[in-house]
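# Chain and residue survey
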Amino acid sequence: MEGAMAADMIPPAAAAAFLASNGWEGAEILPVAGDASFRRYFRVVATGRSAILMDAPPPHEDPRPFIDIARWLVERGFAAPAIHGVDLDKGLVLIEDFGDVRMRETVDAAADREAALYEAAIDVLIRLHAHEAGPLQPYDRAVLHREANLLTEWYCPAVGIEPDQAGYDAAWDAVFDAALVGRQVTVLRDYHAENLMLIGGTDALGLLDFQDALAGHPAYDLVSLLQDARRDVDPGLEAVMLARYTRIMDAGEDFDIAYHVLGAQRNAKILGIFTRLWKRDGKPRYPTLCPRVWRYLERDLLHPALAPVKAWFDANIPADLRGDPMAISTR
């Protein structure tokens, strides 16, 4: 792992020529913390200015969705990074630098700012949902099933469970209608405190990590924000922010059902993804986040609309096998 981490610090071989061709010749290239994908990020620094170099190497990554969605968002007045340069063959993209001040660390350090920043994040979604969905693939039943199946594909084997897959599919199929009706919007899909940047010392929120956006139900990004896999969101704060959204958007009981269905679906998916990041990709930090995800999932499953899915979980995954899969597997 140390060798892999060292390699992550080295800029791609084509970086210098790419930067020179975009007016950044001789700029210093500094590593920036990456995410859970093959993408890497570097800060490019020259006199009096900076930018971010995204290394999204083919065939593992395709930066075109990020570029297209960024431009769509900027055209509609949202703070997505401006695109300064692109080399699709090399998978290099030079984008606007929003700095290092994330919503995550800001609210963790200053509890008195938490409510205001979450309100700001909710208000971005309200503005986004005033627009029709962008030119995106649909967040349809097939995608919902495929994502939910990451739990049975990765989490269950890791903790020694052979799940009832047919029953799992049927249980989800019985509840997914709630997430497939009504108006479709642009769903950014990873909208949470670590992907929201505070720009220029203000509470203006810059958007990142939206390259997987789909056209789907407006409740999904609220789940991403308010059932954050990476930080605890107090249930009281979740309720207040949901109430703010539903009041302003005049959303009713159908929205509440969709929120909990998508909450359960997303949290099941994340349990699978975090297990895969450990088992397949050698990233042991992620399973330690799973106990929090289980807490969110179990709260969602208490909603009456989730009764078929809760019954499956009760029958297939006992309480002592709900937690950190890495720790459970070594008992």
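Fair warning: this is a prediction, and the values are worked out from it, not measured in the lab.

### A word on the layout of surface pockets
The computed volume of the second largest pocket comes to approximately 250 Å³. Forming the walls of the second largest pocket are 14 residues, and the residues nearest its centre are Arg183, His217, Pro218, Ala251 and Phe255. When its residues are assigned to classes, the lining of the second largest pocket shows eight nonpolar, four polar and two charged.

### Remarks on helix α8 (residues 219-226)
The element α8 is extensively covered by neighbouring structure, given that eight of its eight residues are classed as buried. Residues of α8 that are buried include every one of Ala219, Tyr220, Asp221, Leu222, Val223, Ser224, Leu225 and Leu226, and no others.

### Observations concerning the packing of helix α6 (residues 141-158) against helix α7 (residues 165-173)
As a packed pair, α6 and α7 sit with axes 11 Å apart at the nearest point and diverge in direction by 140°. Judged by the inter-axis angle, α6 sits oblique to α7. The hand of the α6/α7 crossing is right-handed. Facing α6, whose interface residues are Arg141, His145, Ala148, Asn149, Leu151 and Thr152, α7 presents Gln165, Tyr168, Asp169, Trp172 and Asp173. Partitioning the contact of α6 with α7 into residue classes produces four nonpolar, four polar and three charged.

### Concerning the sheet that holds strand β1 (residues 28-32)
Spatial strand order, β1-β2-β3-β5-β4: five strands in an open sheet with antiparallel pairing. What marks the edges here is a single partner per strand, and that holds for β1 and β4 (83-87). With strand direction ignored, the average angle separating the axes of adjacent strands in the sheet is 25°. The pairing of β1 with strand β2 (residues 40-46) spans five bridges and is classified as antiparallel. From the neighbouring strand, Glu28 faces β2, where its bridge partner is Val45. Along the sheet, helix α3 (residues 64-75) makes contact with β3 (49-55), β4 and β5 (92-96), crossing β4 at roughly 160°.

### Here's the deal with the environment of Arg76
Relative to the helices and strands, Arg76 resides in the loop between α3 and β4. Arg76 sits 218 residues away from Trp294 along the chain, and the two C-alpha atoms are 36 Å apart. Once residues within four sequence positions are removed from consideration, Arg76 is found in contact with Arg127 and His131. Here the side chain of Arg76 touches Trp72 through a polar contact of 3.0 Å, landing on its backbone oxygen.

### Some remarks on the pairing of β2
Along β2, five of the seven residues are buried, which leaves the element largely enclosed by surrounding structure. Pairing analysis gives seven bridges linking β2 to β3, with the strands arranged antiparallel. Bridge pairing links Arg43 to Ile52 in β3. What sits between the antiparallel neighbours β2 and β3 is a turn of two residues, in which Gly48 has the positive phi angle 75°.

What counts, and at which threshold
- Residues numbered from 1 in each chain as written.
- Predicted model: local features only at pLDDT ≥ 70, side-chain atom pairs only at ≥ 80, totals over all residues.
- Heavy atoms only, no water.
- 1 Å grid on protein atoms, 1.4 Å probe; cavity = no way out; pocket = protein on both sides within 12 Å on 5 of 7 lines; lining within 4 Å.
- Points joined across faces, edges and corners; volume = space filled by probe spheres on them.
- Nonpolar A, V, L, I, M, F, W, Y, C, P; charged D, E, K, R; others polar.
- Buried < 20%, exposed > 50% of the residue type's maximum accessible area, 1.4 Å probe, protein only.
- Helix = DSSP H or I, 4+ residues; strand = E, 2+ residues; numbered from the N terminus.
- Axes fitted to C-alpha atoms, helices over the stretch in contact; angles between N-to-C directions.
- Parallel < 35°, antiparallel > 145°, perpendicular 65-115°, else oblique.
- Left-handed = near helix turned anticlockwise from the far one by under 90°.
- Contact = heavy atoms within 4.5 Å.
- Pairing = 2+ DSSP bridges.
- Polar contact = N/O pair within 3.5 Å; in protein donor to acceptor, adjacent residues only side chain to side chain.

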